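One letter stands for each residue in the lines below.
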Amino acid sequence: MERSTTIEPLAQAMSGEPDVLRSYTLCRAARFDAFRESLNGVFYPARVEPTCRNDTLEGALLSAVSLKHLTLGFVRFGTETRLDPGALGAYHVNVALSGAVESHCGKQSVTTRPGQAAVFTPREHTLLPRWTADAGQLCIKINRRSLEGELEAMIGRPVASWVRFSLGLDLRAPAGRSWLAAVQLLLTGLDTEHSLVRDSASYREQLELLVIDSLLRAQWHDHSDELHEERPPVRPRTVKRVVDALERAPEEPWSLPQMAQVAAVSTRRLQQGFREHLGMSPSVYLRTLRLDRVHRDLLAGADSVTDVAYRWGFTHLGRFAVAYRERFGQAPSETLRHGGG
């Protein structure tokens, strides 16, 4: 069986137990339908089918734990399997520990074996048409808002849309090894009694964010060039004046001419400046700022969705709901419902 020294600390031979998430076994079901139900309950609702129509499983194992920013799981079917979860709605990484898995995300394709991983983008269709019988994978689901929030902190501006990752990640390359080391640190703590990871929620969260930050630096995505610049570009004073004004009062009915008046430039020059230094138009920046304020208030459990939306300047509730789901991956009512939890 193909094996990588990079991956070796994470898994034993397939005839034995994987040396990962040993304390978090959820399912060893002998029937495929029971195993599928447990898997979908942990990760995503998906069509999961054995390609050989074998309903009896040998060696199937699902171990998983849900944290604040990440859900980590080990998945082994024990029979060749096809998965079609569609658009995941979250960022996700599958690390191959044994066997081979063919993965597609949008127009990208990769077959992962030990020493490789696949990084999936939330809004593009995900399909795994062949998960071999001997394949075991470490599966990491990443909260969308957590990853985008970390990226925003790194580059110093809002991210207007989801981050598109390159699918294949080489874990033998220096950057891939660095990311994997962060993952191993978290996993080791989870499997060790009385460790800091188990006993300290704040320390555990720091390691979760380290995994996310390391992935953003290790794997190419459509903000990588900006992230790796030695010095972020300094905003010109004209753009900064508008940004400061919008952040002070995003609920105001700002028009483009009003913003240009604050900047003391033409509307065309203002738009050009925002695109050059923030990567988006003034109106997109304002909408993103308003959405973040709405999200903050809904998490606090304050008022109704309608009241909060109007408070921050959204007058068309239909367009607001679409934009909110686009940014945060869930309906405003879901955020309000779960905000106090």
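Just so we're clear, the structure is a prediction, and the values are computed from it rather than from any experiment. (Residues numbered from 1 in each chain as written. Predicted model: local features only at pLDDT ≥ 70, side-chain atom pairs only at ≥ 80, totals over all residues. Heavy atoms only, no water.)

Peer 1: I'd like to hear about helix H3 (residues 174–190), residue by residue, with values.
Peer 2: Working note: α-helix, 3.6 residues per turn, so residues spaced by three or four point in the same direction. In this model, H3 (17 residues) spans 25 Å end to end at C-alpha, consistent with the 24 Å of a helix rising 1.5 Å per residue. Buried within H3 we find Gly-176, Trp-179, Leu-180, Ala-182, Val-183, Gln-184, Leu-186, Leu-187, Gly-189 and Leu-190. (Helix = DSSP H or I, 4+ residues; strand = E, 2+ residues; numbered from the N terminus. Expected span 1.5 Å × (residues − 1). Buried < 20%, exposed > 50% of the residue type's maximum accessible area, 1.4 Å probe, protein only.)

Peer 1: Quick one: what's the story with the environment of Ala-300, residue by residue and with numbers?
Peer 2: Note that Ala-300 resides in the loop between helix H10 (282–299) and helix H11 (305–311). Separated by 275 residues in sequence, Ala-300 and Thr-25 have C-alpha atoms that sit 34 Å apart.

Peer 1: If you had to explain the pairing of strand S4 (residues 70–76) to someone new, which residues and values would you point to?
Peer 2: Of all seven residues in S4, seven are buried, a share of seventy percent or more. Residues Leu-70, Leu-72, Phe-74 and Arg-76 line one face of S4 and the alternating positions Thr-71, Gly-73 and Val-75 line the opposite face, and both faces are buried. Here seven bridges tie S4 to strand S11 (residues 136–142), and the two strands are oriented antiparallel to one another. Looking across to S11, one finds that Val-75 is bridged to Gln-137. (Pairing = 2+ DSSP bridges.)

Peer 1: Explain the environment of Glu-251 to me, using residue names and the numbers behind them.
Peer 2: Inspection of the secondary structure puts Glu-251 in the loop between helix H7 (237–248) and helix H8 (256–263). Using a relative accessible area of 32% as the deciding quantity, one classes Glu-251 as partly exposed. When the C-alpha atoms of Glu-251 and Arg-290 are compared, they prove to be 7.0 Å apart, with 39 residues separating the residues in sequence. Those residues in contact with Glu-251 that lie beyond four places of it in its chain are Arg-290, Arg-311, Trp-312 and Gly-313. (Contact = heavy atoms within 4.5 Å.)

Peer 1: Tell me what's going on with the pattern of salt bridges, and back it up with residues and numbers.
Peer 2: Under the definition given, this model contains 17 salt bridges. The shortest N-O distance in the salt bridge between Arg-123 and Glu-326 comes to 2.4 Å. Note that Arg-123 is positioned in the loop between strand S9 (116–120) and strand S10 (125–131) and Glu-326 in helix H12 (residues 317–328), a separation of 203 residues in sequence. By relative accessible area, which is 42% here, Arg-123 ends up partly exposed. A network of salt bridges, in which partner residues are shared, links Arg-145, Glu-152, Asp-292 and Arg-327. (Salt bridge = Lys/Arg side-chain N within 4 Å of Asp/Glu carboxyl O.)

Peer 1: So, the side chain of Thr-288: which residues are in play, and what are the values?
Peer 2: Locating Thr-288 in the fold gives a position in helix H10. Relative accessible area serves as the criterion here: at 2%, Thr-288 is assigned to the buried category. Thr-288 has contacts with Pro-158, Val-159, Ala-160 and Arg-327, leaving out every residue within four places of it along the chain.

Peer 1: Could you give an account of the pairing of strand S8 (residues 108–112), naming the residues involved and the relevant values?
Peer 2: Looking at chain direction, strand S7 (residues 101–105) and S8 are connected through five bridges and run antiparallel. Counted as the bridge partner of His-104 is Ser-109 from S8. Between the antiparallel neighbours S7 and S8 lie two residues, among them Gly-106 with a positive phi of about 60 degrees.

Peer 1: Describe the sheet that holds strand S2 (residues 47–50), with residues and values.
Peer 2: Read from one edge to the other, the open sheet built from five strands follows the order S2-S5-S10-S7-S8, with strand pairing classed as antiparallel. For this open sheet the edge positions go to S2 and S8, each flanked by a neighbour on one side alone. Recorded for the sheet is a direction-independent mean angle of 10 degrees between the axes of neighbouring strands. The strands touched by helix H1 (residues 32–42) are S2 and strand S5 (81–87); relative to S2, the strand with the most contacts, the crossing angle is about 150 degrees. (Axes fitted to C-alpha atoms, helices over the stretch in contact; angles between N-to-C directions.)

Peer 1: Any details on the nonpolar core? Residues and values, ideally.
Peer 2: Leu-72 and Trp-179 are the most contacted members of the largest nonpolar core, which has 43 residues in total. Every element with two or more residues in this core is listed here: strand S3 (61–66), S4, strand S6 (91–98), S9, S11, helix H2 (144–155), H3 and helix H5 (201–218). When sequence neighbours within four positions are dropped, the list of residues in contact with Leu-72 reads Leu-21, Phe-43, Ser-63, Ala-64, Val-65, Leu-67, Cys-139, Ile-140, Leu-186, Leu-187 and Leu-190. Counting 29 residues, the second largest nonpolar core, distinct from the first, contains Cys-27, Ala-64, Val-110 and Leu-167. (Core = buried A, V, L, I, M, F, W, Y, C linked by side-chain atoms within 4.5 Å.)

Peer 1: Break down the packing of aromatic side chains for me, with residues and values.
Peer 2: Evaluation of the coordinates by the stated rule reveals nine aromatic pairs. Ring plane angle 65 degrees and centroid distance 5.5 Å describe the contact between Phe-35 and Phe-77, whose orientation is recorded as edge-to-face. Of this pair, Phe-35 sits in helix H1 while Phe-77 sits in the loop between S4 and S5, placing them 42 residues apart in sequence. The two residues Phe-35 and Phe-77 agree in class, both being buried. Note on Phe-320 and Tyr-324: the rings are 5.8 Å apart at their centroids and 55 degrees apart in plane angle, and the pair reads as tilted. Taken together, the positions of Phe-320 and Tyr-324, both in helix H12 and four residues apart, correspond to about one turn of that helix. The two residues Phe-320 and Tyr-324 agree in class, both being buried. Here a set of aromatic residues connected by ring pairs shows up, and it is made of Phe-32, Phe-35, Phe-77 and Trp-131. (Phe/Tyr/Trp six-rings, centres within 6.5 Å; stacked < 30°, edge-to-face > 60°.)

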